Each structure stands twice: as structure tokens, then as C-alpha cells.
Amino acid sequence: MTGHAKEEPGAPSLRSAERKILLSAGVVLGGIAVAGRFRMLPGAAVGAAIAYGNFFLIRKILEKAFSGGGSVRKGFIVQYVLKFFGLVAVVYLVVRSGWFDVLGFLLGLSCLFLGVLLEGLARAASMKTK
Amino acid sequence: MFRRLTFSFLLALLLVAVASVAFAEEGAAAAAGGSNVKTFIALAAGFGIAIASFGGALGQGKAIAAGLEGIARNPSAQNKIFIPMIVGLALIESLVIYALVIAFVLVGKL
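Residues numbered from 1 in each chain as written. Chains lettered and ligands numbered in written order. Predicted model: local features only at pLDDT ≥ 70, side-chain atom pairs only at ≥ 80, totals over all residues.

## What about the overall build of chain A?
A count of helical and extended segments in chain A gives five helices and zero strands. The linear arrangement of helices and strands in chain A, starting from the amino end, is α-α-α-α-α. Counting the 130 residues in chain A, one finds 29% classified as buried. Excluding contacts between residues fewer than 6 apart, the proportion of contacts in chain A whose partners are at least 24 apart in sequence is 76%. (Helix = DSSP H or I, 4+ residues; strand = E, 2+ residues; numbered from the N terminus. Buried ≥ 20, exposed ≤ 12 C-beta atoms within 10 Å, placed from the backbone. Contact = placed C-beta atoms within 7 Å.)

Laid out in C-alpha cells, this is it:
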């Protein structure tokens, strides 16, 4: 383990995946706005925020856990479980409150998949051009 | 082979058990003149989240085990293994969250 999983040139990057997730969130929100389904917008925004936050927290927790130069911090299990419980609580509140459209929320959550797909495509394209 | 047979037997037993309960409920509901939709909604929510969490846990466990084994064998390849592992964990977890959302929606219909 060499520090905080530093990104080598040419190595896959998590920050760029995060940027792609934000980009796909923008595309999804824009698509919903263009389609004129404004009722879905808040749900999609919340879903995208949760997807991004979940990815960000997973990265932070695991990077911190594996940054000990060979040793693994044991506290990361507690942090990971707490993050999961927090995520479940937020999802419960969003779905059961009734303030947000559930379909929009699911669309927003899909930004994670779209972002990772975009990142994979971009990486494949850059490997092909090299 | 034996494991597969045992698994198939247990699965068949589970299906028979669920079916008998469902049919019993159907009979009771029909006798009462009511609907048993709520029973099936509860079953769907419960089984849905159970199957999703089972699969997610299995997948995450496999991903972490394989990733850590790879890092232990070749510590210099940490970055190349670690980053796809995190991406995989996030994807698996979001699938479970999808199932959770669907389960909440179903429970809201009870």
C-alpha cells in the first residue's frame, strides 16, 4: 500500500469517475427537464446526490482504511456499516416522506451506473488511441 | 453434486412451503370475500430485499476477498486492483439500494 491510493499516470482514477457521475447527473436532470416532467426533478436530484455521496464516502472510507502502508485500519468496518445505515435511513425518509417522485429518485440513483459506464468508455477510448 | 442436490431440495421445499401458505391465504381470503393482494405485496417486499441483500453480500464478499488476495500477492499493483474494487463495491451496493427502494414502495402500498 502506498499512501492514499495515489493516482498514477495512466491508472484508473476515482476522481474522474466522480466527475463522470456528476456529468451523468446533469444529463439525467437535463433530460427530465427537456421532457417536461418537472415533478420528477427534485427526486432525481436527491437520487443523484445520494449516489454521488455514497460513492464519495466509500472512496474516503476505503482509502483511509488502506493507507497504512500494509496494515489495515480496523475502524473502517464500523464506518462502512454506519455509512450503510445512514444511506438506508436517507432512502427510507426520501421514499416514505412522499415529497419526491420515486421514479425520479430511481433515475437519479442510476447516475452512478451511467457515470461508471462513461468512465469505462472514456478509458477504453483513450487506450485505443494510445 | 451433493451440494447442488441439497440446494435444489431446499429450494423446492421453500417453494412448496410458500405455495401452501399462499393457497391457504387465498382460500381464507376467498371465503372472507376479501383480497389477498396485501399478502403477496408483503411476500414480494420481503423476498425481494432478502434476495437482493443475499446476492449483494455474496458479491461484495467475493470482490473484497479477491481484491485483498490480489493486493497481498502483489502489493505494487494496489492501485490497479483497489480502484476497480471500490467501483465494483459501489455498483453492488447501489443495486441493493434499488431493491430497498422497491421494497419501501411495496410496503407503502400495504
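## Regarding the overall build of chain B
Scanning chain B from terminus to terminus reveals three helices and zero strands. The order of α-helices and β-strands along chain B, N terminus first, is α-α-α. Taking the intrachain contacts of chain B between residues at least 6 apart in sequence as the baseline, contacts between residues at least 24 apart amount to 67%.

## With respect to the nonpolar core
Membership of the largest hydrophobic core comes to 39 residues, with the highest contact counts inside it found for A:Ala51, A:Cys111, A:Leu112 and B:Ile86. When residues of this core are traced back to their parent elements, those giving at least two are α1 (14–35), α2 (41–65), α3 (76–97), α4 (102–109) and α5 (111–129) of chain A together with α2 (37–73) and α3 (78–108) of chain B. For this core, the element with the most residues is α3(B), which contributes 11 residues. (Core = buried A, V, L, I, M, F, W, Y, C linked by C-beta atoms within 7 Å.)

## A look at the interface of chain B and chain A
Interfaces are often described in size by the accessible area the parts lose on coming together. Counting from both sides, the interface comprises 21 residues of chain B and, opposite them, 28 residues of chain A. Taken together, the residues of the side of chain B that touches chain A break down into 15 nonpolar, four polar and two charged. (Nonpolar A, V, L, I, M, F, W, Y, C, P; charged D, E, K, R; others polar.)

## Re the confidence of the model for chain A
Of all residues in chain A, 87% have pLDDT values of 70 or greater, and the mean over the chain is 83. Across chain A, the secondary-structure element scoring lowest on mean pLDDT is α5(A), at 85, and the one scoring highest is α4(A), at 90. (pLDDT = per-residue confidence, 0-100.)

## Some details on the packing of α2(A) against α3(B)
Across the interface, α2(A) lies against α3(B) with an axial gap of 10 Å and an inter-helix angle of 140°. Regarding the angle of α2(A) to α3(B), the classification is oblique. Two packed elements cross with a definite hand, and for α2(A) against α3(B) that hand is right-handed. Each of A:Ala51, A:Asn54, A:Phe55, A:Ile58, A:Arg59 and A:Leu62 in α2(A) lies in contact with α3(B), whose residues at this interface are B:Ile86, B:Leu89, B:Ala90, B:Glu93 and B:Ser94. Split into classes, the residues belonging to the contact of α2(A) with α3(B) amount to seven nonpolar, two polar and two charged. (Axes fitted to C-alpha atoms, helices over the stretch in contact; angles between N-to-C directions. Parallel < 35°, antiparallel > 145°, perpendicular 65-115°, else oblique. Left-handed = near helix turned anticlockwise from the far one by under 90°.)

## Some thoughts on α5(A)
All names here are of chain A. Look at α5: 27 Å from first C-alpha to last across 19 residues, which is about the 27 Å you get at 1.5 Å a residue. Every buried residue belonging to α5 is among Cys 111, Leu 112, Gly 115, Val 116 and Glu 119, and all of these are buried. For α5, the angular spread of the buried residues around the axis is 135°, confining them to a single face. When the buried face of α5 is taken as reference, the exposed residues oriented beyond 90 degrees from it are Leu 117, Leu 121, Ala 124, Ala 125, Lys 128 and Thr 129. (Expected span 1.5 Å × (residues − 1). Arc of directions from axis to C-beta.)

## Description of the environment of A:Ser13
Residues and elements named next belong to chain A. Within the secondary structure layout, Ser 13 lies in the segment before α1. Judged by local crowding, Ser 13 falls into the partly exposed class, with 17 C-beta atoms found within 10 Å. Remark: the alpha-carbon pair of Ser 13 and Glu 119, spanning 106 residues in sequence, is separated by 9.0 Å.

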